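# Understanding the architecture of this molecule
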Amino acid sequence: MTSDKSALQSNDTAEPLTVGILSLLTCIIKREWLVAFRNPGQWVNPLLFFVVVVSLFPLGVGPSPATLASIAPGVLWVSSLLAVLLSLGTLFDADYADGTLEQLVLSGQSLPLIVLGKVLVHWLLSGLPLLLVSPLLALLFNLPVASIPVLMLSLLLGTLTLSLIGSIGAALTVGLNQAGVLLSLLVLPLCVPVLIFGSSAVLAAASDLGAGGQLLILAACLLLALALAPLTAALALRIGVSGTR
Amino acid sequence: MSEPVLAVKDVTVWRGDNLLLDNVSFSLNDGNVLQIRGANGSGKTTLLRIVCGVGIADEGDVFWQGVSTRRNTDQFNDALLYIGHKAGIKGELTAMENLRIFCRLSGSENPASDDKKISVALDALSLNQKADIPCRHLSAGQQRRVSLARLLLQANRLWVLDEPLTSLDAAGLSWVESRIAQHAANGGMVLLTTHAPINVESVEVNTFDLG
């Protein structure tokens, strides 16, 4: 056990103990994936919520194909926004409750990168399934088949952005009781641009107009969120973790 | 006189109108073991969280090698191993998976040698039969052992242990004591809270009473 001594001493020098970016990201992604895999409710619930909410609309507004086709972009977009929001609660709260969040904060590794890894897995399990069932629901709403690729592309860009923006809200409300409503109040206003351009892209495609402009703006939103959200969420997490006894 | 390695200076914490920690100061040098004692609610956990940087003091500061830990956070975090009140392990993951993450987070890039070290550590804590069971199916004492296995895996200079002996049996207790003795003998520092007195052979345990 004398090897301990040399190991301890080497820590003393200014040599940082940070691991490589990819190595850290894969570690976090693998961790999140395993946790989610053994907790199926975490990703099945938002998907079921999405499908159920979307299928309620034809019952509420009547089955006329023309009406359904005209409300479809808005309904699909609002429902996916709410489904993503619903799933945000699990992003940091479980880690906070079992103490792993403070270990991540204290690990000395890049916290924004850890947040990014968590958000990516969150999206894979909450955003991607929505994206995959959306064509089916679009057909249910009599949306022109030609507009389905645009719908999927807009949801791809949009749900990723929503997950990123949502991570800020989830980080700000970490450890609070009944944070659900507060989280919605914080996150929903920030999601408005994504909602507007997302649904208008689908609307434009359904009316045979080009949706390129809206999709480019969505892509710009995504890049902005990708650059800023992990940093902001990491700062909020540091505050959230130290706010407790 | 040279600067102590870890210095806690005049830490004061208010909880509402109550003064929880009143000008707490102490310091630690290489090879020191310091036990914080105090009744329930006297602020032991709060103090340890402040030392680690996951709690905020109303006044006072913590210094690592003479610099505030708020400034040299990275260096301090590299030297710190904190095992808190919450075990910090994911119930969905097995002991092996949890400890792999800790190895990676503490800077190791060699999964093969990590796995070897982890099985040795799990052996030492008689958890080798349980290595492949999700931790939520383990008993409280076994979960505590999983988090304490980190003491064998990470070569951090400062250990901050909040009630490390909770739910441990006699064998676990003496294992922790021997680890602490070894760490101190190797020049490491240990800051811990326990209610029970601890017997660490060959190393003097300083105590600090709160409240």
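Our subject is the structure that appears above.
The shown structure was predicted, so the numbers you read here are calculated from the model rather than taken from an experiment.

About the thresholds
- Residues numbered from 1 in each chain as written.
- Chains lettered and ligands numbered in written order.
- Predicted model: local features only at pLDDT ≥ 70, side-chain atom pairs only at ≥ 80, totals over all residues.
- Heavy atoms only, no water.
- Helix = DSSP H or I, 4+ residues; strand = E, 2+ residues; numbered from the N terminus.
- Buried < 20%, exposed > 50% of the residue type's maximum accessible area, 1.4 Å probe, protein only.
- Contact = heavy atoms within 4.5 Å.
- Lys, Arg positive; Asp, Glu negative; His and termini not counted.
- Charge placed at Lys NZ, Arg CZ, Asp CG, Glu CD.
- Phe/Tyr/Trp six-rings, centres within 6.5 Å; stacked < 30°, edge-to-face > 60°.
- Lys NZ or Arg CZ within 6 Å of the ring centre and 35° of its normal.
- Pairing = 2+ DSSP bridges.
- Core = buried A, V, L, I, M, F, W, Y, C linked by side-chain atoms within 4.5 Å.
- 1 Å grid on protein atoms, 1.4 Å probe; cavity = no way out; pocket = protein on both sides within 12 Å on 5 of 7 lines; lining within 4 Å.
- Points joined across faces, edges and corners; volume = space filled by probe spheres on them.
- Nonpolar A, V, L, I, M, F, W, Y, C, P; charged D, E, K, R; others polar.
- Salt bridge = Lys/Arg side-chain N within 4 Å of Asp/Glu carboxyl O.
- Axes fitted to C-alpha atoms, helices over the stretch in contact; angles between N-to-C directions.
- Polar contact = N/O pair within 3.5 Å; in protein donor to acceptor, adjacent residues only side chain to side chain.

### As for the overall build of chain A
- Regarding its fold elements, chain A presents ten helices and zero strands.
- For chain A, the succession of helices and strands along the chain, N to C, is α-α-α-α-α-α-α-α-α-α.
- With respect to the principal axes defined by its C-alpha atoms, chain A has extents near 80 × 35 × 30 Å.
- A buried classification covers 49% of the 245 residues belonging to chain A.
- Sequence-distant contacts, at least 24 apart, represent 80% of the contacts inside chain A between residues at least 6 apart.
- Considering chain A, the positive charge centre built from 7 side chains and the negative charge centre built from 9 side chains are found 5 Å apart.

### Let's talk about the side chain of Asn98 of chain B
- Within the secondary structure, Asn98 of chain B is located in helix H3 (residues 95-105).
- Since its relative accessible area comes to 3%, Asn98 of chain B is described here as buried.

### A word on the packing of aromatic side chains
- Considering all chains together, one arrives at two aromatic pairs over all chains under this definition.
- Arg150 of chain B extends its terminal NZ or CZ atom over the ring of Phe102 of chain B, reaching a point 4.0 Å from the ring centre.

### Considerations on the sheet that holds strand S4 (residues 59-64) of chain B
All names here are of chain B.
- The four strands lie next to each other as S2-S1-S4-S5, forming an open sheet whose pairing is antiparallel. Edge strands, defined here as strands with exactly one partner in the open sheet, are strand S2 (18-28) and strand S5 (67-68).
- Sheet topology note: the S4/S5 ladder contains two bridges and is antiparallel. The residue of S5 that forms the bridge with Trp64 is Val67.

### Topic: the nonpolar core
Residue and element names in this part refer to chain B.
- With 101 residues, the main nonpolar core has Phe26, Ile36, Leu158 and Leu191 as its most contacted residues.
- Not counting residues up to four positions away in its chain, the partners in contact with Leu191 are Phe26, Leu28, Leu34, Ile36, Leu48, Val51, Trp159, Val160 and Leu161.
- Residues Leu138, Leu153, Trp175 and Val176 belong to the second largest nonpolar core, which totals 37 residues.

### Points about the layout of surface pockets
- Space inside the second largest pocket adds up to approximately 480 Å³.
- Only helix H6 (100-106) and helix H10 (212-242) of chain A together with helix H1 (44-52), S4 and helix H2 (73-79) of chain B provide two or more residues apiece to the lining of the second largest pocket.
- A per-class count over the lining of the second largest pocket returns eleven nonpolar, seven polar and three charged.

### So, the pattern of salt bridges
- Here the structure, examined in full by the defined rule, presents 14 salt bridges over all chains.
- For Asp95 of chain A, the salt bridge is made with Arg31 of chain A, and the minimal N-O distance between the two is 3.3 Å. On the criterion of sequence distance, the pair formed by Asp95 of chain A in helix H5 (residues 93-98) and Arg31 of chain A in helix H2 (residues 21-37) is long-range, its members being 64 residues apart. Neither Asp95 of chain A nor Arg31 of chain A differs from the other in exposure class; each is buried.
- Note that Arg49 of chain B and Glu102 of chain A form a salt bridge whose closest N and O atoms lie 2.7 Å from each other.

### Focus on the environment of Asp123 of chain B
Residues and elements named next belong to chain B.
- Following the sequence through the fold, Asp123 ends up in helix H4 (residues 111-124).
- A relative accessible area of 44% means that Asp123 is categorised as partly exposed.
- Through-space distance from the C-alpha of Asp123 to that of Ala149 is 9.7 Å; in sequence the pair is 26 residues apart.

### Focus on the sheet that holds strand S8 (residues 189-193) of chain B
Residues and elements named next belong to chain B.
- Taken in spatial order, the five strands of this open sheet run S6-S7-S8-S3-S9, and their pairing is parallel. In this open sheet, the two strands that pair with only one neighbour each are strand S6 (80-83) and strand S9 (205-209). Strand-to-strand twist across the sheet, computed as the mean angle between neighbouring axes with direction ignored, equals 15 degrees.
- The pairing of strand S7 (residues 158-162) with S8 spans five bridges and is parallel. Paired with Val160 across the bridge in S8 is Leu191.
- Across the sheet, H1 touches strand S3 (33-37), S6, S7 and S8, and the angle it forms with S7 is around 150 degrees.

### Examining the interface of chain A and chain B
- Contact with chain A, which involves 42 residues of that partner, is made by 42 residues of chain B.
- Applying the counting rule to chain A against chain B returns four salt bridges.
- Between Asp95 of chain A and Lys90 of chain B there is a salt bridge, with its nearest N and O atoms 2.5 Å apart.
- Counting every contact that joins chain A to chain B gives 15 residue pairs in polar contact (both at pLDDT 80 or more).

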